[in-house]
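# Topology and contacts: notes
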Amino acid sequence: MNDTDLNLLIALDALLIEGSVIGAARRLNLSESAMSRTLGRLRATTGDALLVRAGRNMVLTPYAEAMRERTHLTLREARAVLSPDAETLDLAQLGRRFTLRTNEGFVEAFGCKLIAAVAVQAPNVQLVFLSKPEKSDRDLRAGNIDLEIGVLGNMGPEVRLQALFRDRFVGVVRSGHPLTKQVDISQLAAFGHIVASRRIELGGPIHDAIEQAGLSRRVVSVVPAFSTAVALAIDSDLVALVPYSLVQHHPLIKNHPGLAMFELPFATPEMTVSQLWHPRLENDAAHRWLRGVIKASCQQ
């Protein structure tokens, strides 16, 4: 653009905010004479005096008054386009819908904390939670979802990832169940198990540990969600094996008088629950803010 020096927009914004040459010079770390010359250029470009003397003070012309807010917004938008990290995010005015794909256990354990934290800062933001029929980066790539939350699966190498917390499996039974007194691997294998799986997968580290001890695991029911497995265990002698985070944070499960938790009598690998997003959203200010809220909600 040979006809317009866009640096003048910065000077104009400072002059309209300060209402004086001295104040604008101080704001931009310039000399008063340099700021006076810039004001002359602005007057020549706009065809308006912008600042005129009224007694001992300078006042804005009607044109300058009318352009003050527009100038500030234009400069902010220009900076956001050229430097996304400089974008100023007004959470009070942010009206946006974020779509998060995660399993029911995460929503049940952390959903209330997350919704409350978002509402305090950005009351016009809406969170949409979708279930996870599969582990795939297809929806992230297509822009159908804003975030994926869960244990890392087959995601593309460019997908961004941030660990939220470490988790492990524990046993859950009704209060008064024999396993609340003493738990060894043979006793654990003696009771029927409830497995939470969408794809009817009965293997895994718990299954392998029992078989390696020369025992067999008796799976009597397969359900789609961990909270369903807990509900069945509370009213039976069956054992539900669920993530520790669910027992600690689920509002209807933690401190439930009819429920008892026990540690497994063998070691199993810990799981890292992460949030994942596509690089196109890496520097999106609102998305970056939401990632921070999720991270904080999970670490409280």
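A brief structural summary. Bear in mind that the values here come from a model prediction, so they are computed numbers and not experimental data.

The next point concerns the overall build of the chain. Secondary structure assignment for the chain yields 11 helices and 12 strands. The C-alpha radius of gyration of the chain comes to 30 Å, more than 25% above the 19 Å expected for a compact globule of 300 residues. Overall, the chain is about 95 × 40 × 30 Å in size when its C-alpha atoms are taken along their principal axes. Nonlocal contacts in the chain, meaning residues at least 24 apart in sequence, comprise 72% of its contacts between residues at least 6 apart. Summing over all exposed atoms, the chain offers an accessible surface of approximately 16100 Å²; the carbon and sulfur share of this is 51%. Where the 33 positive side-chain charges of the chain centre and where its 31 negative ones centre are 4 Å apart.

Where burial is concerned, most of strand β3 (residues 97-101) is hidden: 4 out of the 5 residues are buried. Across 5 bridges, the pairing between β3 and strand β4 (residues 126-130) is parallel. When the bridges of β4 are listed, Arg-101 appears paired with Leu-130. Handedness of the β3-helix α5 (residues 104-121)-β4 crossover: right-handed.

The rules behind these values
Residues numbered from 1 in each chain as written. Predicted model: local features only at pLDDT ≥ 70, side-chain atom pairs only at ≥ 80, totals over all residues. Heavy atoms only, no water. Helix = DSSP H or I, 4+ residues; strand = E, 2+ residues; numbered from the N terminus. Rg over C-alpha atoms; globule rule 2.2 N^0.38 Å. Contact = heavy atoms within 4.5 Å. Areas by Shrake-Rupley, 256 points an atom, 1.4 Å probe, with all protein chains shown as cover. Lys, Arg positive; Asp, Glu negative; His and termini not counted. Charge placed at Lys NZ, Arg CZ, Asp CG, Glu CD. Buried < 20%, exposed > 50% of the residue type's maximum accessible area, 1.4 Å probe, protein only. Pairing = 2+ DSSP bridges. Right-handed = clockwise from strand over helix to strand, strands pointing away.

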